[in-house]
Amino acid sequence: MITASHAARLSLPGPDWRTLWREAITDAGELLALLGLEQLADALPADDAGFGLRVPRGFVARMRHSDARDPLLLQVLPQLAETQRAPGFSMDAVDDLAARSAKGVLHKYQGRALLIASGSCAVNCRYCFRRHFPYGDEMAAAGQWRDALEHVRQDASISELILSGGDPLALATGKLEELGRGLLKIPHVTRLRIHTRLPVVLPERIDAPFVEWLKALPLQKVVVLHANHANEFDPGVDEACARLREAGASLLNQAVLLKGINDDADTLIALSERMFVAGVLPYYLHQLDRVQGAAHFEVTDTHARSLIERMRSRLPGYLVPKLVREVGGDPSKRPI
Ligand SMILES: *Cc1c(COP(=O)(O)O)cnc(C)c1O
Ligand code: SF4
């Protein structure tokens with residue numbers, strides 16, 4: 001029998017990623033039944049405040065059966081704790097709304113501009129700032145990327161364009177081609193960076209047309225993945241990473257430090273070692289953005305520092321991420 005991950009490794013045409021995207025699980029009852037955790041249904045919040053459960057089936061397949069503390073499940077399952085107000089946790093935790101430069105463009109740091117390329121993701125991560133962002137008015141891809149490209153063209157200090165979101169690989173490859181053509185007319189842009197969780201949660205997105213586009217694009221390319229736990233990797237993810245590297249992209253990962261999910265040294269060490277098997281280097285370990293509904297995931301700075309110290313004592317330097325927090329108004333991420 002050929003399983004989905006076998007098919008990926010053999011590069012047989014598997015199901016189209018858009019089909020897998022549409023077939024993602026959005027019903028918490030269905031997810032819990034699949035995992036043999038029906039008894040948790042009573043503890044679900046009655047109201048998801050417009051940010052419902054959403055998780056691709058391939059990601060669910062990496063969760064442990066009948067384990068209510070599974071670290072992948074905890075990233076996606078709505079919890080009652082989300083509905084509690086916590087002081088200091090706000091709707092716009094990192095002052096994004098103050099940093100807008102043009103439609104969907106956030107230009108906070110010297111040399112690089114970030115585009116909110118898309119408002120959708122294949123997965124809804126419970127700790128995400130995205131649950132409150134007003135994407136409706138803020139999409140850089142609108143109108144053939146016109147406003148965004150114009151902003152970048154007029155500022156010669158921008159050498160790197162970062163596609164973020166949401167997930168920029170939620171866009172059709174044709175839409176990315178459109179951006180690529182525009183970027184090539186701007187000589188001061190030499191690097192394209194893509195911040196995406198799709199190679200991890202829906203690796204089928206890294207399909208042949210996308211890889212061909214990326215490979216042919218005459219810019220330096222960086223793909224920053226987002227994985228928080230070693231269990232998120234499987235042979236399908238390894239294959240997606242291999243294809244990205246074949247297309248000429250450097251691969252980095254940013255993780256978020258999450259209480260009950262990856263806030264111990266063994267787990268973080270296993271994550272670094274597992275991502276390196278896939279050809280990915282750790283980049284940032286983020287202290288949580290303090291968004292409403294995410295307070296129960298927060299880890300203290302003292303504990304976070306001790307985790308990094310333990311990683312440093314047990315790993316080569318290149319497998320230790322930089323521990324940072326995003327602070328509105330700062331000229332870069334702030335080291336902790
Ligand atoms: C995080 C972020 C970046 C990227 O910062 P690096 O330190 O280069 O990874 C760029 N722009 C904005 C608005 C950001 O939030
Ligand atoms: S993939 Fe990233 S942007 Fe999308 S919900 Fe998860 S953390 Fe948020």
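The residue numbering used here restarts from 1 in each chain and proceeds along that chain's sequence as written. Chain letters and ligand numbers both follow the written order, the letters beginning at A and the numbers at 1. The predicted nature of this model means local features are confined to residues of pLDDT at least 70 and side-chain atom pairs, given and counted, to a pLDDT of 80 or more, with totals for whole chains, interfaces and linings taken over all residues. Side-chain numbers come from the whole structure's heavy atoms, not from hydrogens or water.

- The chain appears in an unreviewed UniProt entry as L-lysine 2,3-aminomutase from Dyella choica.
- If you open the UniProt record of the chain and go to Sequence similarities (unreviewed entry), you find "Belongs to the radical SAM superfamily. KamA family."
- UniProt positions are given in the numbering used here, feature names are shortened, and annotations may be inferred rather than shown by experiment. What the UniProt record of the chain gives under Catalytic activity (unreviewed entry) is the line "L-lysine = D-beta-lysine".

Considerations on the overall build of the chain
In step 1: Secondary structure counts use DSSP, requiring at least four H or I residues in a row for a helix and at least two E residues in a row for a strand, with both numbered from the N terminus. Secondary structure summary: the chain contains 12 helices and 10 strands in total.
In step 2: This radius of gyration counts C-alpha atoms alone. The globule rule is 2.2 Å times how many residues there are, raised to the power 0.38. Over its C-alpha trace the chain gives a radius of gyration of 19 Å, about what one expects of a compact globule, namely 20 Å for 336 residues.
In step 3: Dimensions of the chain along its principal axes, counting C-alpha atoms only, are 55 × 55 × 45 Å.
In step 4: Partly exposed residues are those whose accessible area sits between 20% and 50% of the maximum for their type, while under 20% is buried and over 50% is exposed, using a 1.4 Å probe and protein chains only. The burial tally for the chain puts 54% of its 336 residues in the buried class.
In step 5: Note on contacts: a residue pair qualifies if any of its non-hydrogen atoms lie within 4.5 Å across the two residues. The contacts in the chain between residues at least 6 apart in sequence include a share of 80% that link residues at least 24 apart.
In step 6: All accessible-area figures derive from a Shrake-Rupley calculation using a 1.4 Å probe, and residue coverage is judged against the displayed protein chains alone. Put simply, the chain shows about 14600 Å² of open surface, and 53% of that area lies on carbon and sulfur atoms.
In step 7: Charged residues are defined here as Lys and Arg on the positive side and Asp and Glu on the negative side; His and the ends of the chain fall outside this count. To locate a charge, take NZ of a lysine, CZ of an arginine, CG of an aspartate or CD of a glutamate. The average position of the 40 basic charges and that of the 41 acidic charges among the side chains of the chain differ by 4 Å.

Brief notes about helix H9 (residues 208-216)
In step 1: Of the positions making up H9, those classed as buried are Phe210, Val211, Trp213 and Leu214. Projected down its long axis, H9 carries its buried residues within an arc of 160°, all on one side. Summarising the geometry of H9, the exposed residues directed more than 90 degrees from the buried face are Glu212, Lys215 and Ala216.
In step 2: Tucked into the core, H9 has its buried residues touching helix H7 (173-183), strand E5 (191-195), strand E6 (220-225), helix H10 (235-246) and strand E7 (249-256). It is the directions from the helix axis to the C-beta atoms whose arc is reported.

Re the pattern of salt bridges
In step 1: We define a salt bridge as a contact between a side-chain nitrogen of Lys or Arg and a carboxyl oxygen of Asp or Glu at a distance within 4 Å. With the rule as written, the count across this model stands at 21 salt bridges.
In step 2: A salt bridge links Arg205 to Asp207, with the nearest nitrogen and oxygen atoms 3.6 Å apart. Each member of the pair Arg205 and Asp207 is classed as buried.
In step 3: Between Arg243 and Glu239 there is a salt bridge, with its nearest N and O atoms 3.1 Å apart.

Observations regarding the site of ligand 1
In step 1: Around ligand 1 lies a shell formed by Leu106, Lys108, Tyr109, Arg112, Leu114, Ile162, Arg193, Tyr283, Tyr284, Glu326 and Lys333.
In step 2: Whenever two N or O atoms come within 3.5 Å, that pair is a polar contact, provided that in protein one can donate a hydrogen and the other can accept it, and provided that, for residues adjacent in sequence, both atoms are side-chain atoms. Glu326 is positioned with one of its side-chain polar atoms (N or O) 3.3 Å from an oxygen atom of ligand 1.
In step 3: Buriedness for pockets is judged along seven lines, at least five of which must meet protein on both sides within 12 Å for an open set on the 1 Å grid over protein atoms alone, while cavities are sets there where a 1.4 Å probe fits but cannot get out, and lining residues have an atom within 4 Å of a point. A cavity or pocket is said to hold a molecule if more than half of that molecule's atoms lie within 2 Å of its grid points. When atoms are counted within 2 Å of each cavity's grid points, the one that captures over half of ligand 1 is the largest cavity.
In step 4: Secondary structure elements with two or more residues in the shell around ligand 1: strand E2 (105-109), strand E3 (112-118) and strand E8 (281-286).
In step 5: Residues that form the shell around ligand 1 fall into these classes: 6 nonpolar, no polar and 5 charged. Any residue with a heavy atom positioned within 4 Å of a molecule or strand is treated as near that molecule or strand. Side-chain classes follow a simple rule in which Ala, Val, Leu, Ile, Met, Phe, Trp, Tyr, Cys and Pro form the nonpolar group, Asp, Glu, Lys and Arg form the charged group, and the remainder, Gly included, forms the polar group.

Digging into empty space enclosed by the protein
In step 1: Grid points are joined across faces, edges and corners, and a volume is the space filled by probe spheres set on the points. Under the defined criterion, the tally for this structure stands at 2 cavities of 30 Å³ or more.
In step 2: Looking at the largest cavity, its volume works out to about 950 Å³.
In step 3: Along the walls of the largest cavity sit 41 residues, with Phe129, Ser164, His195, Gln254 and Asp289 positioned nearest its centre.
In step 4: Listing elements by their share of the lining of the largest cavity, those giving two or more residues are E2, E3, strand E4 (160-165), E5, helix H8 (198-201), E7 and E8.
In step 5: Of all the elements, E3 adds the most residues to the lining of the largest cavity, at 4 residues.
In step 6: Among the residues forming the lining of the largest cavity, the class breakdown is 22 nonpolar, 9 polar and 10 charged.
In step 7: Every residue lining the second largest cavity is listed: Asn253, Ala255, Leu268, Leu271, Ser272, Met275, Pro282, Tyr283, Tyr284, Leu285, Met311 and Pro321.
In step 8: Among the secondary structure elements, those contributing two or more residues to the lining of the second largest cavity are E7, helix H11 (265-277) and E8.
In step 9: Of the residues that constitute the lining of the second largest cavity, the class distribution is 10 nonpolar, 2 polar and no charged.

Some remarks on the UniProt feature "modified residue: N6-(pyridoxal phosphate)lysine" (unreviewed entry) in the chain
In step 1: As recorded in UniProt, the sites labelled "modified residue: N6-(pyridoxal phosphate)lysine" (unreviewed entry) are Lys333.
In step 2: Take Lys333: it is sitting in the loop between strand E9 (322-325) and strand E10 (334-335).
In step 3: The exposure class assigned to Lys333 is buried, which follows from its relative accessible area of 18%.
In step 4: Beyond its immediate sequence surroundings of up to four residues, Lys333 is in contact with Tyr109, Tyr284, His286, Val324, Arg325 and Glu326.
In step 5: At 3.1 Å, the side chain of Lys333 and the side chain of Tyr109 are in polar contact.

Points about the side chain of Asn228
In step 1: Tracing the backbone shows Asn228 in the loop between E6 and H10.
In step 2: Among the polar contacts made by the side chain of Asn228, one reaches the side chain of Tyr127 at a distance of 2.9 Å.
In step 3: Excluding anything up to four places from it in sequence, Asn228 contacts Gln75, Tyr127, Arg197, Ala255, Val256, Leu258, Asn262 and Leu271.

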